[in-house]
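Analysis of the macromolecular model
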Amino acid sequence: MKLDPFYLIVDSAAWIERLVPLGVKLVQLRIKEMDDAGLRREIRTAKAVCQRHGCQLIVNDYWRLAIDEGCDFVHLGQEDLAEADVAAIRHAGMKLGLSTHDDAELDTALAAKPDYVALGPVYPTILKAMKWAPQGLDRIAIWKERVGAVPLVAIGGLNIERIPGVLAQGADSAAVVTDITLNADPEARTREWLAATAQWR
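To keep things clear, this report deals only with the structure shown in the data block. Every residue gets a number counted from 1 within its own chain, in the order that chain's sequence is written. Reporting of local features is limited, given that this is a predicted model, to residues whose pLDDT is at least 70; pairs of side-chain atoms are given and counted only at 80 or more, and all residues count toward the totals for whole chains, interfaces and linings. Working from all heavy atoms in the structure, the side-chain values ignore hydrogens and water.

Before going further, it helps to examine helix α6 (residues 103-111). Between buried and exposed lies partly exposed: a residue is buried under 20% and exposed over 50% of the maximum accessible area for its type, with that area taken using a 1.4 Å probe on protein chains only. Under the DSSP-based scheme used, a helix requires at least four consecutive residues in state H or I and a strand at least two consecutive residues in state E, with every element numbered from the N terminus. If you check which residues of α6 are buried, you get Glu105, Leu106 and Ala109. Looking straight down α6, one finds that the buried residues subtend no more than 100° of arc, so they occupy a single side. Looking at α6, the residues exposed on the side facing more than 90 degrees away from the buried face are Ala104 and Ala111. Whether two residues are in contact is decided by their heavy atoms: any pair within 4.5 Å suffices. Where α6 is buried, its residues touch α4 (78-83), β5 (95-100), β6 (116-119) and α7 (137-147). Here a polar contact is taken to be a pair of N or O atoms separated by no more than 3.5 Å, where protein atoms must pair a possible hydrogen donor with a possible acceptor and residues adjacent in sequence count only if both atoms sit in side chains. The N-cap of α6, judged by a side-chain oxygen 3.3 Å from the amide nitrogen of Ala104 a few residues on, is Asp102. Of the residues flanking the end of α6, it is Lys113, one or two places downstream, whose phi is positive at about 50°. The arc in question is the one spanned by the directions pointing from the helix axis to the C-beta atoms.

This is the structure:
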């Protein structure tokens, strides 16, 4: 499986409606606090937009809802993986992406035979408090050697200037949140990301 080198992560279907039509081909819907009815509406809206624009939607955490709504890709953190029914996810024909931060988590992730592995935070991040120090570019190369043919996603503190280093070290995709969502002009920044990753597409 090949991932687009530009992996957008947003916390609402509204963001997906704004940015996916610009040419985004890989997006994760990551919502942390919402009731099931609201989550279902968000997932349905996001899925419809992505289908119209040929974009791969990845649903974070809510694998049961993702199955119910006919989605085909879910992303889980390590705590979510421990509680998830991976067999049910696979039986539904869904692909699975997993977060990793250290060697033990990578071993756990690889045992689940994921469709991609994410490594973070590569750089310091303001998105959430992390107990892990920034991994640095060298760790990307080490992770890529360990995961082999499994696609590797780099996440954490990424911006336009850091894309070449991350992808040159072996990451297949660069994930971004705040560099776009906190930008004064998210649409313009999205276009910059699309242009900056074009040579790896």
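Once the structure has been displayed, the description carries forward.
On to the environment of Val177, then. Checked against the element boundaries, Val177 lands in the loop between β8 (173-176) and α9 (178-181). Relative accessible area serves as the criterion here: at 14%, Val177 is assigned to the buried category. Placed 21 residues apart in sequence, Val177 and Gly156 show a C-alpha to C-alpha distance of 8.4 Å.

Here we come to the pairing of strand β3 (residues 56-60). When a strand is regular, its side chains alternate between the sheet's two faces. In terms of burial, β3 is a largely internal element, 4 of the 5 residues being buried. Note on pairing: DSSP must find at least two bridges between two strands before they are called paired. As defined by bridge partners, strand β2 (residues 26-29) adjoins β3 across 4 bridges and the pair is classed as parallel. Looking at β3, one finds that Leu26 is bridged to Gln56. With strands facing away from the observer, any crossover in which the path from the first strand over the helix to the second runs clockwise is taken as right-handed. Read from β2 through helix α2 (residues 36-53) to β3, the crossover connection turns out right-handed. Pairing between β3 and strand β4 (residues 73-76): 2 bridges, direction parallel. Of the residues in β4, the one forming a bridge with Asn60 is His75. You can see the chain leave β3, run along helix α3 (residues 63-68) and come back into β4, and the turn it takes is right-handed.

Attention now goes to the pairing of β8. What you see with β8 is no split at all: Ser173 and Ala175 on one side and Ala174 and Val176 on the other are buried throughout. One ladder, built from 3 bridges, connects strand β1 (residues 6-10) with β8; its direction is parallel. Bridge assignment links Leu8 to a residue of β8, and that residue is Val176. You can see the chain leave strand β7 (residues 152-154), run along helix α8 (residues 163-168) and come back into β8, and the turn it takes is right-handed.

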